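Observations on chain architecture
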Amino acid sequence: MSVLFISGIDTDIGKTYATGMLAKTLMQQGINIITQKLVQTGVGVDLASGEMNIADDIVTHRQLMGVPLQPCDLAHTTCPYRYKKPASPHLAVRLADDVLDPDVITQATRQLQVNYDVVLLEGAGGLLVPITEQLLTLDYIATQGYPVVLVTSGRLGSINHTLLSLEAIKARGLTLHSVIYNPIHDNAAQTDTEIATSTMAFLQHHLQQYYPATYWLTLPYIKQDKQRHALPYFYLPNGFI
Ligand SMILES: Nc1ncnc2c1ncn2[C@@H]1O[C@H](COP(=O)(O)OP(=O)(O)OP(=O)(O)O)[C@@H](O)[C@H]1O
Ligand SMILES: C[C@H](N)[C@H](N)CCCCCC(=O)O
Ligand SMILES: [Mg+2]
């Protein structure tokens, strides 16, 4: 499998951190890997050139990987579609008076595949986020047949969001490659730790029962200044890729 689609149960659930950490770990295992962002909203404009900046999530991926921005980043191949409004892509595209052509994204992925063995393609928000008025993220994944990695957490509400995402993936006949549990909400300030622990156990059990071939991974907590602190170890099961 050379393209994995990284989705999550919602926006801000940790897809970017999971994608960067996966890329870093697989890179350390000798895999020639790159990340891509489906479409980025909430992007700033470079004052000097007037051009849209490189996608924020791509910048974070490279920081986590510990590599500089690549030529394919500077050429925006890793995220051709970038928009100013921090909103659902279909709205951000409309407000920019633009048209998003999914074939452009597919061509960008194919171009990356020429130079890299694995592409991790991060979505925007969750699986049913519209990238155009007519096309949901999941519609796009289904046309490509990409296996899905789903990022979740232990915050109250995650069980429902996770199982709904699994139903949607199954309904399209797609492969659920793995579920990544992000412990970001596991401290008492964010949610009840008893709820987080129970949510994790419930989801793990559900996967063992109904998705025995799916990997379960736990993302480490990453200190905010990722460039100064050594990154924690991210355990990937044997045969993950
Ligand atoms: N494992 C983690 N360790 C530390 N901080 C985290 C972790 N996961 C997420 N965060 C924090 O939560 C924020 C949101 O996470 P992230 O940007 O990965 O979300 P996302 O799912 O990629 O959102 P989007 O839909 O906008 O792409 C991050 O900016 C970071 O501050
Ligand atoms: C701007 C934000 N951080 C994301 N990149 C976009 C999230 C879109 C969510 C749309 C929705 O589910 O209502
Ligand atoms: Mg992201």
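Residues numbered from 1 in each chain as written. Chains lettered and ligands numbered in written order. Predicted model: local features only at pLDDT ≥ 70, side-chain atom pairs only at ≥ 80, totals over all residues. Heavy atoms only, no water.

Thoughts on the side chain of threonine 77
- Within the secondary structure, threonine 77 is located in the loop between helix H3 (71–74) and strand S4 (82–83).
- Among residues more than four places away in sequence, those in contact with threonine 77 are Gln36, Cys72, Ala108, Gln111 and Leu112. (Helix = DSSP H or I, 4+ residues; strand = E, 2+ residues; numbered from the N terminus. Contact = heavy atoms within 4.5 Å.)

Quick look at helix H7 (residues 158–171)
- Between the first and last C-alpha of H7 there are 20 Å, a value that for 14 residues agrees with the 20 Å anticipated at 1.5 Å per step.
- If you check which residues of H7 are buried, you get Ser158, Thr162, Ser165, Leu166, Ala168 and Ile169. Taken around the axis of H7, the buried residues stretch over an arc of 160 degrees, which confines them to a single face. Residues Leu164 and Ala171 are exposed on H7 and point more than 90 degrees away from its buried face.
- Those residues of H7 that are buried are in contact with helix H6 (137–144), strand S6 (148–153), strand S7 (176–182) and helix H8 (193–210).
- Phi turns positive, to about 70 degrees, at glycine 173, one or two residues after H7. (Expected span 1.5 Å × (residues − 1). Buried < 20%, exposed > 50% of the residue type's maximum accessible area, 1.4 Å probe, protein only. Arc of directions from axis to C-beta.)

Considering the packing of aromatic side chains
- Counted by the stated rule, this structure contains 3 aromatic pairs.
- A centroid spacing of 6.3 Å and a plane angle of 10 degrees characterise the contact between tyrosine 81 and tyrosine 83, whose relative ring orientation is stacked.
- Relative accessible area serves as the criterion here: at 11%, tyrosine 81 is assigned to the buried category. (Phe/Tyr/Trp six-rings, centres within 6.5 Å; stacked < 30°, edge-to-face > 60°.)

A word on the pattern of salt bridges
- Tallied over the full model, the rule gives 6 salt bridges.
- We note a salt bridge from arginine 62 to aspartate 73, for which the minimum N-O separation is 2.7 Å. With arginine 62 in helix H2 (residues 56–65) and aspartate 73 in helix H3, this pair connects stretches of sequence that are 11 residues apart. Grouping residues by exposure puts arginine 62 and aspartate 73 together as buried.
- For aspartate 139, the salt bridge goes to arginine 172, with nearest N and O atoms at 2.8 Å. (Salt bridge = Lys/Arg side-chain N within 4 Å of Asp/Glu carboxyl O.)

Observations concerning the coordination of the magnesium ion (ligand 3)
- In this structure, Thr16 (OG1), Asp57 (OD) and Glu122 (OE) serve as the protein donors to the magnesium ion (ligand 3), at separations of 2.0 to 2.2 Å.
- Coordination of the magnesium ion (ligand 3) draws on donor residues from a single chain, spaced T-x40-D-x64-E in sequence. On the criterion of sequence distance, the pair formed by threonine 16 in helix H1 (residues 15–28) and glutamate 122 in strand S5 (residues 118–122) is long-range, its members being 106 residues apart. Side by side, threonine 16 and glutamate 122 carry an identical accessibility label, which is buried. (Donors = N, O, S within 2.8 Å, 3.2 Å for Na, K, Ca; no water.)

Some thoughts on H8
- With 18 residues, H8 should cover 26 Å at 1.5 Å per step; its first-to-last C-alpha distance of 26 Å lies within 8% of that length.
- The complete set of buried residues in H8 reads Ala196, Thr199, Leu203, His206 and Leu207. Each buried residue of H8 sits inside an arc of 95 degrees when the element is viewed along its axis, so together they form one side. Every exposed residue of H8 that faces more than 90 degrees away from the buried side is listed here: Glu194, Thr197 and Gln208.
- Lining the buried residues of H8 we find S6, H7, S7 and strand S8 (215–218).

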